[in-house]
Amino acid sequence: MFKLPEPDDDLVILSAHRGSWEIYPENSAYALQDAWNSQIESVEVDARFTADKEVVLSHGNPPILNGAQQ
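The structure displayed is predicted, hence computed values, not measured ones.

### Comments concerning the overall build of the chain
Step number 1: Check the secondary structure of the chain and you find one helix and six strands.
Step number 2: Written out in order from the N terminus, the α and β elements of the chain read β-α-β-β-β-β-β.
Step number 3: Looking at the chain as a whole, 16% of its 70 residues qualify as buried.
Step number 4: Contacts in the chain between residues far apart in sequence, at least 24 positions, make up 40% of those at least 6 positions apart.
Step number 5: Accessible surface computed for the chain: about 5800 Å², of which carbon and sulfur atoms make up 56%.

### Describing a nonpolar patch on the surface
Step number 1: Where nonpolar side chains cluster on the molecular surface, the patch consists of I23, Y24 and Y30 and spans about 340 Å² of accessible area.
Step number 2: Looking at the element boundaries, Y24 is found in the loop between β1 (15-17) and α1 (29-37).

### A word on the side chain of S20
Step number 1: Residue position: S20 is located in the loop between β1 and α1.
Step number 2: Here A35 takes part through its backbone nitrogen, which lies 3.4 Å from a polar atom of the side chain of S20.
Step number 3: Setting aside residues up to four positions removed in sequence, S20 forms contacts with A31, D34 and A35.

### Here's the deal with α1
Step number 1: Taken residue by residue, α1 has A31, D34 and A35 as its buried positions. In a view along the axis of α1, the buried residues occupy a sector of 100 degrees, so they form one face of it. For α1, the exposed residues set more than 90 degrees away from the buried face come down to A29, Y30, W36 and N37.
Step number 2: Two residues or fewer after α1 comes Q39, characterised by a positive phi angle close to 65 degrees.

### Describing the confidence of the model for the chain
Step number 1: Summary statistics for the chain give a mean pLDDT of 76 and a share of 73% for residues scoring 70 or more.
Step number 2: Mean pLDDT across the elements of the chain ranges from a minimum in strand β6 (residues 68-69), with 48, to a maximum in α1, with 87.

### Observations concerning unusual backbone geometry
Step number 1: You will see that Q39, though not glycine, has its phi angle at about 65 degrees, which is positive.
Step number 2: Checked against the element boundaries, Q39 lands in the loop between α1 and β2 (42-44).
Step number 3: What makes Q39 exposed here is its relative accessible area of 66%.
Step number 4: We note that K53 has phi near 70 degrees; this positive angle belongs to a residue other than glycine.
Step number 5: Within the secondary structure layout, K53 lies in the loop between β3 (47-49) and β4 (55-57).

Thresholds applied
- Each chain has its residues counted from 1, following the order in which its sequence is written.
- Thresholds applied to this predicted model are a pLDDT of at least 70 for local features of residues and 80 or more for the giving and counting of side-chain atom pairs; totals over whole chains, interfaces and linings are not thresholded and use all residues.
- The side-chain numbers reported here are obtained from all heavy atoms of the structure, hydrogens and water having been left aside.
- Each helix corresponds to a stretch of at least 4 residues labelled H or I by DSSP, and each strand to a stretch of at least 2 residues labelled E; elements are numbered beginning at the N terminus.
- Three labels apply to residues, based on accessible area from a 1.4 Å probe with only protein chains included: buried if under 20% of the type maximum, exposed if over 50%, partly exposed otherwise in between.
- We call two residues in contact when some of their heavy atoms are within 4.5 Å.
- Method for areas: the Shrake-Rupley scheme with a 1.4 Å probe, in which residue coverage is limited to the protein chains shown.
- Each patch is built from residues lacking any salt bridge and having more than 30% relative accessible area; the joining distance is 9 Å for like charges and 5 Å for nonpolar side chains (Val, Leu, Ile, Met, Phe, Trp, Tyr).
- Salt bridges are identified by distance alone: a Lys or Arg side-chain nitrogen within 4 Å of an Asp or Glu carboxyl oxygen.
- Side-chain atoms alone can form a polar contact between residues adjacent in sequence; in general such a contact is a pair of N or O atoms within 3.5 Å, and within protein one must be able to donate a hydrogen while the other accepts it.
- An arc is given here, and it is the one of the directions from the helix axis to the C-beta atoms.
- Each residue carries a pLDDT score, the predictor's own confidence in it, on a scale running from 0 to 100.

Structure (structure tokens):
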């Protein structure tokens, strides 16, 4: 697991909100992989449970699937 360095005044962590959402659908595997490939150190995602207790990454209600409202 990734371990954060001890905090100090010079510490800057690059984080991507929902991955590279400006290129790929937010929270998608493509957006997360692109953030990783761009050397982003952390990502914030929106994890939710479906009615049948599966975990999905989606921002919105109803969920946004493949970048489009369903």
